Each structure stands twice: as C-alpha cells, then as structure tokens.
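Observations on the model geometry
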Amino acid sequence: MKKRSPIMVVIYMCITFGIYGLFYFYKTKEEMNALGAGIPSFILIFLPIANIFWLWKWCCGVEKVTNNAISGALAFVLLFCLSVIGVAIVQSKLNTVATA
C-alpha cells in the first residue's frame, strides 16, 4: 500500500469538494484488493443504498489488511459519522500496512 499523509488526504478532499475522496477510495480499494481484501466493484459507490454496502465492504477490507488494527465496524462508524476526519484516522491505520 502507498503511504499517504492523513492530513493531506483531508486537505485534498476539502479543496476538491470531495472529488479526491472518490479517487482515494478507488485507489485504496485497488491496493487492498491486491493484498487480498475482496472489495466489490467501485461502481457501487455511485448507486444509492449500494454505496453503503460498498463502504461496509471497504471497511471490512481495512480490517483485513491492517490485521485487525482497526475493526471494520469502527472504521465504518468513523467514516459514516465523522466523514473526512474518519478518513484521516483510517488512513493513519492503513499507513501501518504501508510501512510494514
């Protein structure tokens, strides 16, 4: 996985009004799938209701890739409730995989 600065991820998301977020989720999905996560097609993020399912599977992928350093449920709650701040927290956990 590529190591990303959690603060820069937040700044890029704010500057681009969330468009970088789509790029971020796509790239991290590809990187986690390469490590065996099994996250479904990115196109689901654009479909109502299915995007919640996709986000859940992405969070489960985070749990698998980080070897339970952060649970999928906690990652989902962070992303769903805290939005950009949750992304920064999850990215900091993903950075542990990038350095390993």
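In short, a report on the structure. Residue numbers restart at each chain and count upward from 1, following the sequence in its written direction. Given that the model is predicted, a residue must reach a pLDDT of at least 70 before its local features are reported, and side-chain atom pairs must reach 80 or more before they are shown or counted; all residues, however, enter totals for whole chains, interfaces and linings. Note that water and hydrogens are dropped before the side-chain values are worked out from all heavy atoms of the structure.

**Digging into the packing of helix α3 (residues 50–65) against helix α4 (residues 72–82)**
Formally: To define axes, lines are fitted to C-alpha atoms, for helices over the stretch in contact only, and angles between the resulting N-to-C directions are given on a 0 to 180 degree scale. Under the scheme used here, helices are H or I runs from DSSP no shorter than 4 residues and strands are E runs no shorter than 2 residues, and both carry numbers assigned from the N terminus. An angle below 35 degrees is read as roughly parallel, one above 145 as roughly antiparallel, one from 65 to 115 as roughly perpendicular, and any other as oblique. Left-handed describes a crossing in which the near helix is turned anticlockwise from the far one by less than a right angle; the clockwise case is right-handed. In what follows, residue pairs with any heavy atoms lying within 4.5 Å of each other are defined as contacts. Here the term charged refers only to Asp, Glu, Lys and Arg, the term nonpolar to Ala, Val, Leu, Ile, Met, Phe, Trp, Tyr, Cys and Pro, and the term polar to all other amino acids, Gly among them.
Axis separation between α3 and α4 bottoms out at 8 Å; the angle between their running directions is 130 degrees. When the interaxial angle is binned, α3 and α4 end up oblique. Viewed along their axes, α3 and α4 form a crossing whose handedness is right-handed. Together, I52, L55, W56, W58, C59, C60 and E63 of α3 and G72, A73, A75, F76, L79 and F80 of α4 make up the contact between the two elements. Here the contact of α3 with α4 is built from residues that sort into 11 nonpolar, 1 polar and 1 charged.

**As for a nonpolar patch on the surface**
Put simply, the test is: The patch calculation keeps residues exceeding 30% relative accessible area without a salt bridge and links them within 9 Å when they carry like charges or within 5 Å when they are nonpolar (Val, Leu, Ile, Met, Phe, Trp, Tyr). Here the open area of atoms and residues is found with the Shrake-Rupley method and a 1.4 Å probe, where only the protein chains shown may cover a residue. Salt bridges are counted wherever a side-chain nitrogen of Lys or Arg sits within 4 Å of a carboxyl oxygen of Asp or Glu.
On the surface, I7, M8, I11, Y12 and I15 cluster together into a nonpolar patch covering about 480 Å² of accessible area. Topologically, I7 is positioned in helix α1 (residues 6–15).

**A look at the environment of P40**
Note the threshold: For each residue, the accessible area found with a 1.4 Å probe, counting protein chains only, is set against the maximum for its type, and the residue is called buried under 20%, exposed over 50%, and partly exposed in between.
Position of P40 relative to the elements: it lies in the loop between α2 (19–34) and α3. Under the relative-accessibility criterion, P40 is labelled partly exposed at 22%.

**Notes on the environment of W54**
By the secondary structure assignment, W54 is in helix α3. With 15 residues separating them along the chain, W54 and I39 place their C-alpha atoms 7.5 Å apart. Apart from the residues within four sequence positions on either side, W54 is in contact with F25, K29, I39, P40, S41, F42, L44 and I45.

**Some words on α2**
What counts here: Multiplying 1.5 Å by the residue count of a helix minus one yields the expected span of that helix.
The end-to-end C-alpha separation of α2 is 23 Å, in line with the 22 Å expected for 16 residues at 1.5 Å each. Of the surrounding elements, those touching the buried residues of α2 are α1, α3, α4 and α5 (84–99).

**Comments concerning α4**
Rule in force here: What the arc describes is the spread of directions from the helix axis to the C-beta atoms.
Of the positions making up α4, those classed as buried are G72, A75, F76, L78 and L79. Along the axis of α4, the buried positions cluster into a sector of 165 degrees, meaning they face one direction only. Of the exposed residues in α4, those oriented more than 90 degrees away from the buried face are F80 and C81. Against α2, α3 and α5 lie the buried residues of α4. S83 sits one or two positions beyond α4 and adopts a positive phi of about 50 degrees.

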